[in-house]
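# Examining the three-dimensional arrangement
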Amino acid sequence: MQLQPEHARRIVDAIDTAFDAQLAFTQELVRHPSLRTQEASAQDLLFDAMRDRGLEMDRWDLDPEELATHPGAGRVAVSYENVGNVVGTYRPEREEGRSLILNGHVDVVPEGPLDEWSRSPWDAPILDGWLYGRGSGDMKAGLVANLFAFDAIRAAGLEPTGRIHFQSVVEEECTGNGSLSALQRGYRADAVLIPEPEEDMLVRANTGVIWFTMRVAGRPIHPREMSAGFNAIDAAYHVMSRLRELEARWNADKGQHRFFEDLEHPINFNLGGIRGGDWPSSVPAWCELDVRVALYPGVTADAAWAEIQECLSSVTADEAGNPLEAIATRNGFYAEGYVLEEGSDAESVLRGAHREVFNDELKSFTTPGYLDGRVFALYADMPALVYGPISEAIHGYDERVDVESVRRITKSIALFIAEWCGVTPIEASPGQNALAENGAVQTV
Ligand code: ZN
């Protein structure tokens, strides 16, 4: 590390000093149920937090028409009115260091049946070293860590010499359109760091994801003459079993895909939703399945989608020979996977920061899920470092994030920022005096 040991020590100490405040702010953010299209109040909170830090603020609603011009955009069936990103920019007086985007998503997935939670998903208590709540791990702890990592540098009497964009984006859990919209708005930097819950590790590779809805039509009739009808729900299950065969073929291919060879089952087709039928005493006239599929990096979304459609159009009858047709419509992610190529400067700086904090080498791994890192890696040629804290039960009941892991990751991010962007001592000015009075800045 180029960073002076004394500076590194002061930065790390500043994380500890402000850590209670960091946790309190994370809890406050978790208490905003920022489900899809309901992110605005959480974004208000982040907007204010960034503005209070003196960042140059930008906030806009996503534009479905502009997004639709991008090949990596997800198809949208919801209104984007009041669904927007918040970006705060730090600009050093003299920009000498490397620039950085610190990204995180504010949207969270639905909580599911509340009875199954030990407590409200929106209470955000800290119990036995875990901070609970929907979105605690995925990824509000990381989103907040980005800001407090920056605070620690300034509290240590230093300021970064590279430009930094703090991005709080929406739509990560369904389309990836939030980060894409920020890219379309022109935000670029020399690297991006995204503190998703990654078990104190760095993501080396991840899959792309496509969402679609598949509809099968039936022939309704009274069950007394059931054999004269055609049950759309039974038929949809039959079609799904053919998709499972495609899934098995893609998994059998894993040896051809770097970083996926050793995963047991890298490609998961998830039947995530089902609707169908109108009446218990009518043979169902229709059935719709919501399906999520994964694709290897290097496989284009167009190629995967073509294979899916080919599979579906090959199913022309059910097991009994009744003719059927399955129609698939894209309705969310249309995203390709990516690989973080080894040997980037950004990775080596993160390795140094991680080693300093954890006293251990940074491990990397492959994750078979979607990450916004692909937006930056595929469409802006930026090294995308997805690296964050230990969590449990993301997208499940009693989601939680490990508090001490958050502390370490925040330290690591702070040292990464300092090393990547460079730092210089803050020169005393009236503005800084105000900070000093708040105890935010120590004497250099
Ligand atoms: Zn996430």
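So, about the sheet that holds strand 13 (residues 326–335). In spatial order, the strands read 11-12-10-13; together these 4 strands make up an open sheet with antiparallel pairing. Two strands bound the open sheet, and with one partner strand each, they are strand 11 (270–276) and strand 13. Across the sheet, the axes of successive neighbouring strands diverge by a mean angle of 15°, strand direction being ignored. Bridge analysis of strand 10 (residues 208–217) against strand 12 (residues 286–295) gives 10 bridges, and the strand direction is antiparallel. In the strand pairing of strand 12, V216 is matched with C287. Helix 8 (residues 301–314) contacts strand 10, strand 12 and strand 13 of the sheet and is inclined by roughly 160° relative to strand 13.

The next subject is the coordination of the zinc ion. By definition of the ideal shapes, a tetrahedral metal site with four donors has angles of 109.5 degrees and an octahedral site with six donors has angles of 90 or 180 degrees. Listed as protein donors to the zinc ion are H105 (NE2), D138 (OD), E196 (OE) and E196 (OE); their distances from the metal cover 1.8 to 2.7 Å. Coordination at the zinc ion comes from 4 donor atoms whose angles at the metal span 51 to 146°, giving a geometry best classed as irregular. Binding-site remark: the zinc ion is held by donors from one chain whose sequence spacing is H-x32-D-x57-E. Remark: D138 occurs in helix 5 (residues 136–155) and H105 occurs in strand 3 (residues 100–105); sequence separation between them is 33 residues. A single burial state applies to H105 and to D138, both of which are buried.

The next thing to look at is helix 7 (residues 232–252). Since the α-helix advances by 3.6 residues per turn, residues separated by three or four positions end up pointing in the same direction. A rise of 1.5 Å per residue sets the reference length of helix 7, with its 21 residues, at 30 Å; its end C-alpha atoms lie 30 Å apart and thus fit the reference within 8%. Of the positions making up helix 7, those classed as buried are A232, A235, A236, H238, V239, M240, L243, L246, E247, W250 and N251. The inward-facing, buried residues of helix 7 contact strand 10, strand 11, strand 12, helix 8 and strand 13. The backbone nitrogen of I233 lies 2.9 Å from a side-chain oxygen of the residue at the head of helix 7, namely N231.

In this section: the environment of V293. Inspection of the secondary structure assignment puts V293 in strand 12. Overall, V293 belongs to the buried group, its relative accessible area being 0%. Through-space distance from the C-alpha of V293 to that of N270 is 6.4 Å; in sequence the pair is 23 residues apart. In this structure V293 touches G208, V209, I210, F212, N268, F269 and I308, once residues within four positions along its chain are discounted.

Rules used throughout
Residues numbered from 1 in each chain as written. Predicted model: local features only at pLDDT ≥ 70, side-chain atom pairs only at ≥ 80, totals over all residues. Heavy atoms only, no water. Pairing = 2+ DSSP bridges. Helix = DSSP H or I, 4+ residues; strand = E, 2+ residues; numbered from the N terminus. Axes fitted to C-alpha atoms, helices over the stretch in contact; angles between N-to-C directions. Contact = heavy atoms within 4.5 Å. Donors = N, O, S within 2.8 Å, 3.2 Å for Na, K, Ca; no water. Tetrahedral: all angles 85-135°; square planar, octahedral: opposite > 155°, others 65-115°. Buried < 20%, exposed > 50% of the residue type's maximum accessible area, 1.4 Å probe, protein only. Expected span 1.5 Å × (residues − 1). Polar contact = N/O pair within 3.5 Å; in protein donor to acceptor, adjacent residues only side chain to side chain.

Read these as layout, nothing more, since geometry by itself doesn't imply function.
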